[in-house]
Amino acid sequence: MPKISTKGQQMPESPIRKLVPYAEGAKKKGHKVYHLNIGQPDIKTPEVALNAIKNNAIEILEYSHSAGFESYRTKLSNYYKNHGLPINTEDIIITTGGSEALLFAMGSTMDNGDEIIIPEPFYANYNGFSTASGVNVVPVISTIDEGFALPPISAFEKLITPKTKAILICNPGNPTGYLYSKEEILQLAEIVKKHDLFLIADEVYREFIYDGDEHFSVMNVPGIEQNAIMIDSVSKRYSMCGARIGCIVSKNKEVMATAMKFAQARLSPPTYAQIASEAALDTPQSYFDDVINEYKERRDTLISELNKIDGVKVATPKGAFYCIAKLPVKSADDFAKWLLDSYDNNGETVMVAPAAGFYSTPNVGLDEIRIAYVLKKEDLVRSVEILKDALTKYNK
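Remember, predicted model here, so these are calculated numbers, not experimental data. (Residues numbered from 1 in each chain as written. Predicted model: local features only at pLDDT ≥ 70, side-chain atom pairs only at ≥ 80, totals over all residues. Heavy atoms only, no water.)

Peer 1: What should I look at first to understand the sheet that holds strand β4 (residues 136–141) in this one?
Peer 2: Sheet strands associate in pairs through backbone hydrogen bonding, adopting either a parallel or an antiparallel arrangement. The strand order β2-β8-β7-β6-β5-β3-β4 describes an open sheet built from 7 strands, whose pairing is mixed. Unpaired on one side and paired on the other, β2 (92–95) and β4 mark the two borders of the sheet. Adjacent strand axes in the sheet meet at a mean angle of 25 degrees, parallel and antiparallel pairs treated alike. Where β2 and strand β8 (residues 246–249) come together, 4 bridges link them in antiparallel fashion. Residue pairing in the sheet places I94 in a bridge with C247 of β8. Strands β2, β7 (228–233) and β8 of the sheet are contacted by helix α4 (residues 70–82), whose axis makes an angle of about 115 degrees with β2. (Pairing = 2+ DSSP bridges. Helix = DSSP H or I, 4+ residues; strand = E, 2+ residues; numbered from the N terminus. Axes fitted to C-alpha atoms, helices over the stretch in contact; angles between N-to-C directions. Contact = heavy atoms within 4.5 Å.)

If you want it as structure tokens, here you go:
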């Protein structure tokens, strides 16, 4: 019988999606499942984006340019400039989601066996992208006790080898919600300059910042234009996860020329999704103001309720719409399955994402979960109420 590739065998399961069969089983029993496991916003997609598709009179659904519509890239450049980022049209390649942008970034800067340093916990699919690219993840652990702040630069220095090609961050972070400060970004800038590395910044949650803090982009750091690569996406900003439109951004012309070869190999990003994404740039600021206020209230509600449960520890996120919670259990993975397979509270239960899948260090985060606060406030309150009851029964 033909054998599966080693790479395929090593490809990790998604900690976010691997419990779907259990959730489906719970629903077949008639149970209502509150989905805290996935960052699928319930916020409405801007009308201007939807109308651009509904009212379009395309007669031939053609390929676009491999870099994406020039009109979209130009408009996106203006959007960035309006947000203080010095990004030109030629610095942008449109991709099929931020996922493809990350694959292009790794493929353009790393060879098989090269290493990328990532503060963990990190977005679980970084493990998958690295495996697909033949790249080895070298983790540097941030902790819940420190609020998942950037680990000391000395910790990064100890991990750098001749195989190290890049440092990858998510800012603000998925799954922690941590927002790197300007000082932390400048520290990373110094180390990549010192060791001639790339600094890849996944900034897809840039708009989701709370408490008056400000986002500081790697594209704002002078002197690392040849090191900095920014990853972006429309998925969360406009609640357009299904559009699958993102982009890779860099001032490094060699990186962009190389990424363009990857873009040409996959032909072009999807046409209708680009039309919607270009139109979404006309979304009024009032939309974002309302969304940020809503997410801040959800965050405050969730953290307040979680802090009422004995034995639960949670770091308050500064951005995005996720948090990591440490539970009084040995295996969050087993607990998450049990919630769906063997438990209900008046016909209701919750689905969470075990956080071990957001680490690459073995046996770390086993008692942690990631929660996405993308549900309305009353559903979050009910979800935590269920979680509290479940923990008392699970630990008996």
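Still more ground to cover, so stick around.
Peer 1: Is there a simple way to think about the packing of helix α11 (residues 285–306) against helix α13 (residues 377–394) in this case?
Peer 2: To characterise two packed helices, one gives the angle between the axes of the helices and the distance between these axes. Where α11 contacts α13, the two axes come as close as 9 Å, and the packing angle between them is 20 degrees. On the basis of the axis angle, α11 is roughly parallel to α13. Relative to α13, the crossing made by α11 is right-handed. Residue-level contacts link E294, E297, R298, T301, L302, E305 and L306 of α11 to K377, L380, V381, V384 and L387 of α13. Of the residues belonging to the contact of α11 with α13, the class tally is 6 nonpolar, 1 polar and 5 charged. (Parallel < 35°, antiparallel > 145°, perpendicular 65-115°, else oblique. Left-handed = near helix turned anticlockwise from the far one by under 90°. Nonpolar A, V, L, I, M, F, W, Y, C, P; charged D, E, K, R; others polar.)

Peer 1: Please explain the sheet that holds strand β10 (residues 322–326) as it appears in this structure.
Peer 2: Across the sheet, 4 strands lie side by side as β9-β10-β13-β12; this open sheet has antiparallel pairing. Each edge of the sheet is formed by a strand with only one pairing partner; in this case those strands are β9 (313–314) and β12 (353–354). Strand direction decides the pairing type here: β10 and strand β13 (residues 368–372), joined by 5 bridges, are antiparallel. Residue pairing in the sheet places I324 in a bridge with R370 of β13. Where α11 meets the sheet, its contacts fall on β9, β10 and β13, and the angle it forms with β10 comes to roughly 5 degrees.

Peer 1: Is there a simple way to think about the pairing of β13 in this case?
Peer 2: The two faces of the sheet receive side chains in turn, since in a regular strand these alternate between them. Summarising burial for β13: 5 of the 5 residues are buried, a large majority. With burial as the criterion, each face of β13 is covered, one bearing E368, R370 and A372 and the other bearing I369 and I371. Looking at chain direction, β12 and β13 are connected through 2 bridges and run antiparallel. By the bridge assignment for β13, P354 is matched with I369. (Buried < 20%, exposed > 50% of the residue type's maximum accessible area, 1.4 Å probe, protein only.)

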